[in-house]
Amino acid sequence: MPHGVYVDHHGNVFVTDVARHQVLKYEEGKWEEPALVLGEKFVPGTDDAHFCKPTSVVVNADDFIFVGDGYCNARVVKFNKHGKFIAEYGSLAEEGGKLGGMYVVHDLTINHGDRVVYVADRENGQIHTMSYKGEFTAIASVPGKAYAIDFIAETRSIAAVNISDHGSPSKVMMIDVDSNNITAVFPHNDSSFVMPHAITRLKNIGIYLGEIKSPFTIWKLSEIPPERETNARKSDFKLLNVITSQIPLSFVIVLIALACIPVIYLTIVVVIRCRRRSSGGWV
């Protein structure tokens, strides 16, 4: 059950699997077998050889691997490029506010320039700043729960998406990494986000959100090119209205109907054969 995906600077693809309690590394063009496996398949744990539902993974320029572990363990685990355990950082904290104290480590994003990893503590609605050596130095807060984050180097900000505890619409928030304050919220009108679970930003294109609740929507917040903005500061990050792309309900119904056809056909065949046998007509 893949939960997080990360592509490093070599083109390797890392996948966290919450069902297998593992992190898998695939080299570019070699998808048949993983080049590296961290954790033991289907065996959860809290030691240096096991995870418990790892959620996210990032890799720094020195090829050290940081794993968000995760739904059960409130920690970030560091490995070298060969998969050797280096250290673990963080501690369980059901109440937020303590540096490095986290409840559910749900997402990671990396700032290569500052040599830090940002850690989204989902349940406490907080984003922790952690150095590569595991020193927690700052906390930013969002309303509700902090589900997903992505660092934007040009504006020195984190794009974060939340789910509110009070029924208000989920939003994409820009958090300044120097002040840890929310500097912008998108969209400006009420959003239709249901349960956003992942976020990523593509430079000069926009931000994409993925939802895990029906109708399983992929949202795109399109970025406004700088040349279209007048009197805009270089650090401004502006977004156009939300563009939605989702699977229509009618399409889902058609797929289900098509899938049922062979089942119904086989059922009819079995019934007819059984009747022939019972009536003595079967030869």
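Residues numbered from 1 in each chain as written. Predicted model: local features only at pLDDT ≥ 70, side-chain atom pairs only at ≥ 80, totals over all residues. Heavy atoms only, no water.

Participant: Help me out: how do you make sense of the overall build of the chain in this one?
Facilitator: Counting secondary structure elements, the chain contains one helix and 22 strands. Pairs at least 24 apart in sequence give 36% of the contacts found in the chain among residues at least 6 apart. Total accessible area on the chain is roughly 15400 Å²; 56% of this is exposed by carbon and sulfur atoms. (Helix = DSSP H or I, 4+ residues; strand = E, 2+ residues; numbered from the N terminus. Contact = heavy atoms within 4.5 Å. Areas by Shrake-Rupley, 256 points an atom, 1.4 Å probe, with all protein chains shown as cover.)

Participant: I keep staring at the pairing of strand β6 (residues 65–69) and nothing clicks. Help me out?
Facilitator: A regular strand carries its side chains on alternate faces of the sheet. Counted residue by residue, β6 has five buried out of five residues, so it is predominantly covered. In β6, alternate side chains face the same way, and those of I65, V67 and D69 on one face and F66 and G68 on the other are all buried. Examined bridge by bridge, strand β5 (residues 54–59) and β6 share five bridges and lie antiparallel to one another. What sits directly across from P54, in β6, is D69. In this structure, the hairpin formed by β5 and β6 is closed by a connection of five residues, where D63 is found at a positive phi of approximately 70°. As judged from the five bridges shared by β6 and strand β7 (residues 75–79), these two strands associate in the antiparallel manner. By the bridge assignment, I65 is partnered in β7 with F79. (Buried < 20%, exposed > 50% of the residue type's maximum accessible area, 1.4 Å probe, protein only. Pairing = 2+ DSSP bridges.)

Participant: Teacher, can you tell me more about the state of the cysteines here?
Facilitator: By definition, a disulfide links two cysteine residues through a covalent bond between their sulfur atoms. Tallied over the full model, the rule gives one disulfide. Note that C52 is cross-linked by a disulfide to C72, the S-S spacing being 2.3 Å. Across the disulfide from C52 to C72, rotation about the S-S bond amounts to roughly -50°, and the bridge is consequently left-handed. Placement of C52 in the loop between β4 (36–38) and β5 and of C72 in the loop between β6 and β7 is noted, with a sequence separation of 20 residues between them. (Disulfide = S-S within 2.5 Å.)

Participant: How should I be thinking about the sheet that holds β5 in this particular structure?
Facilitator: What holds strands together in a sheet is hydrogen bonding between their backbones, with the strands either parallel or antiparallel. The antiparallel open sheet is built from four strands, whose spatial order is β5-β6-β7-β8. Strands at the two margins of the open sheet, each flanked by one partner only, are β5 and β8 (85–89). Averaged over all pairs of adjacent strands, the angle between their axes in this sheet comes to 20°, without regard to strand direction. In terms of strand pairing, β7 meets β8 through four bridges, oriented antiparallel. Its bridge partner lying in β8, K78 is registered against A87. (Axes fitted to C-alpha atoms, helices over the stretch in contact; angles between N-to-C directions.)

Participant: Whenever I open this one, the side chain of H50 confuses me. Can you help?
Facilitator: With respect to the element layout, H50 can be found in the loop between β4 and β5. Judged by its relative accessible area of 14%, H50 falls in the buried class. For H50, the side chain forms a polar contact with the side chain of E40, separated by 2.7 Å. A distance of 2.8 Å separates polar atoms of two side chains, one belonging to H50 and the other to D47. Among all residues touching H50, those that are not within four sequence positions of it are E40, V43, P44, G45, D69 and R75. (Polar contact = N/O pair within 3.5 Å; in protein donor to acceptor, adjacent residues only side chain to side chain.)

Participant: Mind showing me how you'd approach the packing of aromatic side chains here?
Facilitator: Here a ring pair, both rings aromatic, is described through the centre-centre distance and the interplanar angle of the planes. The full count for this structure, using the stated rule, is five aromatic pairs. An angle of 75° between the planes, with centres 6.1 Å apart, marks the rings of F79 and F85 as edge-to-face. Ring geometry for Y118 versus F151: centroids 5.7 Å apart, planes at 35°, classification tilted. In this pair, Y118 sits in strand β12 (residues 116–121) while F151 sits in strand β15 (residues 145–152), placing the two residues 33 residues apart along the sequence. Residue F151 is classed as buried on the basis of its relative accessible area of 13%. Taken together, F51, F79 and F85 form an aromatic cluster joined through their ring pairs. A cation over an aromatic ring shows up here: K78 above the ring of F64, its NZ or CZ 4.6 Å from the ring centre. (Phe/Tyr/Trp six-rings, centres within 6.5 Å; stacked < 30°, edge-to-face > 60°. Lys NZ or Arg CZ within 6 Å of the ring centre and 35° of its normal.)

Participant: What is the right way to read the sheet that holds strand β13 (residues 126–131) from this model?
Facilitator: The strand order β11-β12-β13-β14 describes an open sheet built from four strands, whose pairing is antiparallel. Whereas interior strands pair on both sides, the edge strands pair on one side only; in this sheet they are β11 (105–111) and β14 (136–141). Shown here is a sheet whose adjacent strand axes are inclined to one another by a mean of 20°, direction ignored. Across six bridges, β12 lies against β13 in antiparallel orientation.

Participant: Would you mind going over the pairing of strand β19 (residues 196–202) with me for this structure?
Facilitator: Two strands pair when backbone bridges link them, and β19 and strand β20 (residues 206–211) are joined in this way by six bridges, in the antiparallel orientation. Within β20, the residue paired with I199 across the bridge is L209. Once β19 ends, the chain turns through three residues before running back antiparallel as β20, passing N204 with a positive phi of about 65°.

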